[in-house]
Amino acid sequence: MERGERPWGTYTVLDEHNGYKIKRIEVLPGQRLSLQMHHHRSEHWIVVSGTAKVTCGETVKIININESTFIPIGSTHRLENPGVIPLVIIEVQSGEYLGEDDIVRFQDDYHRVESPGAESAVEAVVEPVV
């Protein structure tokens, strides 16, 4: 079973097959993931413990236990734990490619640096089409 440690907490892959991946994600109190987007997958988040602050596009909302939200392909999004206990969510990823390298970061509290190609992709996504 794949497990990863990050500055904000941990993730564990629970199941993976063609077209989907299921993860358990734990976010430590006061921590948040980068503001990011994916080119090849959508995500569905279900809160199982704690409280989530979710940014999806221009919308920011609080998601409580037994509530969920959907993150469409190409949407900028962020997951935060505004609470004092660990936030645990189940994430269901769906798409043609589910690799960890399908992340374009727009903002990151932990100063993780993108490759030059990814920075160009960020600029292309952020700038309006004229």
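Use the structure listed above.
Residues numbered from 1 in each chain as written. Predicted model: local features only at pLDDT ≥ 70, side-chain atom pairs only at ≥ 80, totals over all residues. Heavy atoms only, no water.

A. How the structure looks around the sheet that holds strand S10 (residues 87-95). The strand order across the open sheet built from six strands is S1-S2-S3-S10-S5-S8, with neighbouring strands paired in antiparallel fashion. Either end of the sheet is taken by a strand with one partner, and the two such strands are strand S1 (3-6) and strand S8 (68-71). Adjacent strand axes in the sheet meet at a mean angle of 20°, parallel and antiparallel pairs treated alike. Note: strand S2 (residues 9-17) against strand S3 (residues 20-27), eight bridges, orientation antiparallel. By the bridge assignment for S3, His 17 is matched with Tyr 20. (Pairing = 2+ DSSP bridges. Helix = DSSP H or I, 4+ residues; strand = E, 2+ residues; numbered from the N terminus. Axes fitted to C-alpha atoms, helices over the stretch in contact; angles between N-to-C directions.)

B. Broad picture of the environment of Val 27. Structurally, the position occupied by Val 27 is in strand S3. Judged by its relative accessible area of 0%, Val 27 is buried. Each C-alpha atom, one on Val 27 and one on Ile 89, is 8.5 Å from the other, the two residues being 62 residues apart in sequence. Val 27 has contacts with Trp 8, Arg 32, Leu 33, Leu 79, Asn 81, Pro 86 and Leu 87, leaving out every residue within four places of it along the chain. (Buried < 20%, exposed > 50% of the residue type's maximum accessible area, 1.4 Å probe, protein only. Contact = heavy atoms within 4.5 Å.)

C. Broad picture of the pairing of strand S6 (residues 52-56). Burial within S6 is extensive, with four of its five residues counted as buried. The sheet contact formed by S6 and strand S7 (residues 59-63) spans five bridges and is antiparallel. Residue pairing across strands places Ala 52 opposite Ile 63, the latter belonging to S7. Connecting S6 to the antiparallel partner S7 that follows it, the hairpin turn spans two residues, and Gly 57 within it adopts a positive phi of roughly 65°. Pairing of S6 with strand S9 (residues 77-80), which is carried by four bridges, proceeds in the antiparallel orientation.

D. Here's a closer look at the nonpolar core. If you look at the biggest cluster of nonpolar residues, it comprises 16 residues, and the most contacted ones within it are Ile 25, Val 27, Ala 52, Val 54, Leu 79, Leu 87 and Ile 89. At the level of secondary structure, the elements contributing two or more residues to this core comprise S2, S3, strand S5 (41-49), S6 and S10. Looking at this core, the element that brings in the most residues is S6, giving three residues. Apart from the residues within four sequence positions on either side, Ile 25 is in contact with Trp 8, Thr 10, Tyr 11, Leu 79, Leu 87, Val 88, Ile 89 and Glu 91. (Core = buried A, V, L, I, M, F, W, Y, C linked by side-chain atoms within 4.5 Å.)

E. Up close: the side chain of Asp 102. Relative to the assigned elements, Asp 102 resides in the loop between S10 and strand S11 (104-107). Here His 39 takes part through its backbone nitrogen, which lies 2.9 Å from a polar atom of the side chain of Asp 102. Non-local contacts of Asp 102, meaning those with residues more than four positions away in its chain, are made with Met 37, His 38, His 39, His 40, Arg 41 and Tyr 97. (Polar contact = N/O pair within 3.5 Å; in protein donor to acceptor, adjacent residues only side chain to side chain.)

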